[in-house]
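Next come the chains, spelled out residue by residue.
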Amino acid sequence: MNILKIAFFDAKDYDRQSFEASNASGEFDICFLDTRLTPDTYKLAEGADVVCVFVNDDINSFVIDKLYEMGIKLIALRCAGYNNVDVQYAYGKVHVVRVPAYSPYAVAEHAMALLLTSIRRIHKAYIRTKDFNFSLEGMTGFDLHGKTVGVIGTGKIGRIFIDICRGFGMNVIAYDKFPAKDSGIEYVSLDELWERSDIISLHCPLTDENRHMINSSTIAQMKKGVVLINTSRGALIDTEALVEGIKDRKIGAACLDVYEEESNIFFHDYSNHIVNDDVLARLISMPNVIVTSHQAFLTREALSNIADTTLANIREFFSSDKCANEVCYKCGQIADCKQLHDKKCF
Ligand code: NAD
């Protein structure tokens, strides 16, 4: 068999390192491209068998048609979520595989790192002591012990985050569309979760149904001073409503690893530019907001697992009639997948 060609979009140095290590035998011909895959850049995939993409590539119906016309067989996502791929449209044209898990610990630990940084003002202390300012004015935090955390989505990441929170002596309540049986987790309705939580952390996928699940009316139901953590997908939160909630002093702090308009901004260095996104600029200017640029996944362990699983998916797809990590085109849901067979879907 000819060596398979992979057009690898939105490649960063850390991707190159992990994929080159995983492909040390030269089994695949990987062409690393700096640009994202979008309706303007799809032509760069000409001649490839596979496109390898990440969270901010835009694989809409137009791009899928073009990939299909170019004879590309497979879209290999090197991430878990696939809300940026029109999977229902892809059915019957181009197969889509993903990396369902690479290090849920990386994301759960990052969520806790953001929370601790925020409520203990570590981000402020770091800057103060760098400037030999040892004042403690304005640095008062609060104990996590005894506080109630509301976790939305109790899958791989949410469960690990729950264990971490329990280690801090926090009370955990949770909402999941598909609650886990016999998990020992106290499931509540979303209304109850908004009302009881001191801290709310999002660990569910983004779907059409839960887009903007945090909005002005759900914020109104929350406790004054609530801390919001989002390491899932930006569009779970209506960002303008979030800004208003913080300005009204209703929301005590926001810890954001994702942002609904992140695709043209995150992963790039704009330190010498004027960023044109006023909502993001306003958020970043607030002392009780911490933004990281979709870095929760970024650990050595996760990168190595992502590379190994992505290449294993491609190998499995082209060498057998199976592809265990193919997405479900019918339901379009990650957790709700009713795929009962272990073959390629078409
Ligand atoms: P998972 O599939 O193991 O768990 C998701 C959970 O969400 C499931 O229990 C599911 O039942 C539940 N769920 C589905 N729809 C829901 C809804 N509408 N409301 C409430 N719960 C719902 O996924 P995971 O590995 O734990 O990942 C969770 C999310 O984290 C991913 O979807 C992705 O968006 C995000 N993520 C972010 C990063 C990052 O770097 N920031 C990295 C990996 C994953």
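Residues numbered from 1 in each chain as written. Predicted model: local features only at pLDDT ≥ 70, side-chain atom pairs only at ≥ 80, totals over all residues. Heavy atoms only, no water.

## Observations concerning the sheet that holds strand β10 (residues 226-230)
Each strand in a sheet pairs with its neighbour through backbone hydrogen bonds, running either in the same direction (parallel) or in the opposite one (antiparallel).
Right, so step 1: If you trace the seven strands from one edge of the open sheet to the other, you get β8-β7-β6-β9-β10-β11-β12, paired in parallel fashion. The open sheet has two edge strands with one neighbour each: β8 (186-187) and β12 (289-291).
Right, so step 2: Sheet strands touched by helix α9 (residues 239-247): β10, β11 (251-256) and β12. Its angle to β11, the strand with the most contacts, is close to 140°. (Pairing = 2+ DSSP bridges. Helix = DSSP H or I, 4+ residues; strand = E, 2+ residues; numbered from the N terminus. Contact = heavy atoms within 4.5 Å. Axes fitted to C-alpha atoms, helices over the stretch in contact; angles between N-to-C directions.)

## Notes on the pairing of strand β9 (residues 199-202)
Right, so step 1: Burial along β9 is two-sided: Ile199 and Ser201 facing one way and Ile200 and Leu202 facing the other are all buried.
Right, so step 2: Bridge count between strand β6 (residues 148-152) and β9: four bridges; the pairing is parallel. The residue bridging valine 151 from the neighbouring strand is serine 201, located in β9.
Right, so step 3: Bridge count for β9 against β10 is four bridges, and the pairing is parallel. Its bridge partner lying in β10, isoleucine 199 is registered against valine 227.
Right, so step 4: Handedness of the crossover joining β9 and β10 through helix α8 (residues 216-221) is recorded here as right-handed. (Buried < 20%, exposed > 50% of the residue type's maximum accessible area, 1.4 Å probe, protein only. Right-handed = clockwise from strand over helix to strand, strands pointing away.)

## Focus: the domain arrangement of the protein chain
When the parts of a complex come together, some accessible area is lost, and that lost area is often used as the size of the interface.
Right, so step 1: Each domain of the protein chain was delimited in the assignment, giving domain 1 (4-102 + 299-319) and domain 2 (104-291).
Right, so step 2: Contacts between domain 1 and domain 2 engage 13 residues on the former and 11 residues on the latter.
Right, so step 3: Interface area for domain 1 against domain 2, summed over the two sides, is near 1000 Å², with a carbon-plus-sulfur share of 55%.
Right, so step 4: Contact with domain 2 buries area across many residues of domain 1, yet Arg36, Asn56 and Asn83 alone supply 43% of it, more than any other trio.
Right, so step 5: Along the contact surface separating domain 1 from domain 2 lie zero salt bridges.
Right, so step 6: The interface formed by domain 1 and domain 2 contains three residue pairs in polar contact (both at pLDDT 80 or more).
Right, so step 7: Tallied by class, residues from the side of domain 1 that touches domain 2 come to six nonpolar, four polar and three charged. (Domains from an automatic or database assignment. Buried area = accessible area lost by both parts, 1.4 Å probe. Salt bridge = Lys/Arg side-chain N within 4 Å of Asp/Glu carboxyl O. Polar contact = N/O pair within 3.5 Å; in protein donor to acceptor, adjacent residues only side chain to side chain. Nonpolar A, V, L, I, M, F, W, Y, C, P; charged D, E, K, R; others polar.)

## Structural notes on the packing of helix α1 (residues 13-22) against helix α11 (residues 300-319)
Right, so step 1: For the pair α1 and α11, the least separation of the axes is 9 Å and the interaxial angle reads 55°. It follows from the interaxial angle that α1 and α11 lie oblique. Along this stretch, α1 crosses α11, giving a crossing that reads as right-handed. Contact with α1, carried on its side by Tyr14, Ser18, Phe19 and Ser22, involves Leu303, Ser304, Ile306, Ala307, Asp308, Thr310 and Leu311 of α11 and no other residues of that element. (Parallel < 35°, antiparallel > 145°, perpendicular 65-115°, else oblique. Left-handed = near helix turned anticlockwise from the far one by under 90°.)

## Examining the packing of helix α4 (residues 104-119) against helix α6 (residues 156-167)
Right, so step 1: Direction vectors running N to C along α4 and α6 enclose 45°, while the axes themselves pass 8 Å from each other. With respect to α6, the axis of α4 lies oblique. Between α4 and α6 lies a crossing of right-handed hand. Each of Pro104, Tyr105, Val107, Ala108, Glu109, Ala111 and Met112 in α4 lies in contact with α6, whose residues at this interface are Lys156, Ile157, Ile160, Phe161, Ile164 and Cys165.

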